[in-house]
Amino acid sequence: MKAELNQRLTQVGPGTPGGELLRRYWQPVALLDEFDPALDPRMAKRPLKAVRVLGQNFILFRDDNGQWGLLDRDCPHRGADLAFARHEGDGVRCPFHGWKFDASGQCLETPAEPKGSTLCTRIKQRSYPVQVRAGVVFGWFGPEGQTPPPMPKLDAFEAPASHSFAFKGLWHCNWLQSLEVGIDPAHTSYLHRFFADGSLEDSYGKQFRGASAGDVDGERWPMTRVMREFGQPEISYVQQPHGLRLTALRHVSDTLTHVRVTHAVFPQTFVIPLSETMTITQMHVPVDDTHNYWFAFFTSFADPVDKTAMRNQRLAGVTLPNYIPKMGRHNDWGFDIDEQQSRTYLGMGEEDINVHDQWACEGMGAIQDRTREHLGTTDKVIMAHRRLLQEAMETVAQGGTAPGIANPELHDQISGPDTVDGMAPAGQWDSWWQRAVQERREAASWSAQDSQRAEGETA
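Our subject in this report is the structure included herewith. (Residues numbered from 1 in each chain as written. Predicted model: local features only at pLDDT ≥ 70, side-chain atom pairs only at ≥ 80, totals over all residues. Heavy atoms only, no water.)

1. Some words on a nonpolar patch on the surface
Cut-off, in case you're wondering: What makes a patch is a set of residues exposed beyond 30% relative accessible area and free of salt bridges, joined within 9 Å when like-charged and within 5 Å when nonpolar (Val, Leu, Ile, Met, Phe, Trp, Tyr). Only the protein chains shown count as cover for residues, and the accessible areas themselves come from Shrake-Rupley with a 1.4 Å probe. A side-chain nitrogen of Lys or Arg and a carboxyl oxygen of Asp or Glu constitute a salt bridge if their distance falls within 4 Å. What counts as a helix is a DSSP run of H or I of at least four residues, what counts as a strand is a run of E of at least two, and both are numbered from the N terminus.
Together, Y190, F195 and Y345 make up an exposed nonpolar region whose accessible area comes to about 270 Å². Mapped onto the elements, F195 comes out in the loop between α4 (175–182) and α5 (223–229).

Here's what the structure looks like:
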């Protein structure tokens, strides 16, 4: 890849081709957990925090009526930092000269101005549309005055609160290399290889520790065994309205094929199976060119999610309030030579495979130098996604509509998407996985209700 193209694909600031494209999509900006006084006691007194997205600085706050405000961080008076604003219940006030703003950005008071001044009526701070889904606050940063697209009907955003859980973490690298690791079907057999399989009884909430759907001669196989013993997947992809559907086949025997179906939801999301009944929808949100937050949405198609268990598993690996990983370049991501020789392929822990991905992404450098890479057959999905990025950037630059979930015309064509990880009859894997996900969806109480409601609305 030419250096110029690598720069074009990775820059996210205002006015850059990538930045202008990504601003057409809803972006996660904070977890609702970040406003929970139980996790951050400061929020009981002042529910306001600074957020940085796409190379720009904002403040996010909630007023006493529950209204969210997402505003530019610099005060429109003389640029003071509103991250230190006074929260006054019905709005926030800049401590520099007392200018006050409500959640819509409207200036309410300019107290230092002469009595009778109407200056405040003519001042409005730039504000951004906000929606809350699945325990996450989303913002839209597209052109001012333009109507944002509807939130996509992905399962992660449609499931009730009882069946969903969200978490996040900061990685010190560009968003694109993080996304490209997530949509790579081949790396799981190596980066996440365990030399011994853990107990299936202790697999809840842990990726690759549960069993694949189906069995081999009556035996349930942990995903770790499948990934370890079959390291040459047959990879294919099909373009969909939401992006790409990815299929990785591992031929276990003459009669069985392990099939893993995942998705790349354009431009920055992937959807993968966590277990037979739970999926992960993960978005990589650029903070700037050299940092990104991953937001992971866990969606259950069976029992309600044990949020406490899943939260505690993941809180052990980060520091609050900014969800900064405890592992990183500063401590070699916890690398252990003895572990690498005897327990895992990588040597960076057995409890949290997210650290494995973090190393793969951050180890490339803040922005991967793609002029030095040599792609192989297993990288076909990476190449396809890069082509989609280039095409979409050009479309937006020419005044067109961004594709996929940013295109309102495709809204009714995008839902799910369905994932699977299981053992299928070798010659019937395609029909098997489609039947398996249909049965899972029909068994989910909330999914069935959504289908009935949709049918009623159509009628």
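2. Quick word on the pairing of strand β10 (residues 136–139)
Keep this limit in mind: Partly exposed describes any residue whose relative accessible area lies between the buried limit of under 20% and the exposed limit of over 50%, with all areas from a 1.4 Å probe on protein chains only and scaled to the type maximum. Whether two strands pair comes down to DSSP finding at least two bridges between them.
Of the two faces of β10, the one holding V136 and F138 and the one holding V137 and G139 are both buried throughout. In this structure, strand β1 (residues 27–31) lies alongside β10, joined through four bridges in antiparallel fashion. Its bridge partner lying in β10, P28 is registered against F138. Two strands pair when backbone bridges link them, and strand β9 (residues 130–133) and β10 are joined in this way by four bridges, in the antiparallel orientation. If you follow V132 over to β10, its bridge partner there is V137. What sits between β9 and β10 in their antiparallel hairpin is a turn of two residues, with A134 showing a positive phi close to 50°.

3. Notes on the sheet that holds strand β7 (residues 100–101)
Each strand in a sheet pairs with another by means of backbone hydrogen bonds, the pair being arranged parallel or else antiparallel. Taken together, the four strands give an open sheet; going across it, the order is β5-β6-β7-β8, and neighbouring strands pair in antiparallel fashion. The open sheet is flanked by β5 (86–87) and β8 (107–109), the only strands paired with a single partner.

4. What to know about the sheet that holds strand β2 (residues 48–53)
This is how it is decided: Comment: axis = line fitted to C-alpha atoms, over the contacting stretch for helices; angle = value between 0 and 180 degrees taken between N-to-C directions.
Ordered in space as β2-β3-β4, the three strands form an open sheet in which the pairing is antiparallel. Looking along the sheet, the strands with just one partner apiece sit at the ends: β2 and β4 (68–72). For this sheet, the mean inter-axis angle between neighbouring strands, taken without regard to orientation, is 30°. Sheet topology note: the strand β3 (residues 56–62)/β4 ladder contains five bridges and is antiparallel. Across the sheet, residue L60 finds its bridge partner in β4, namely L70.

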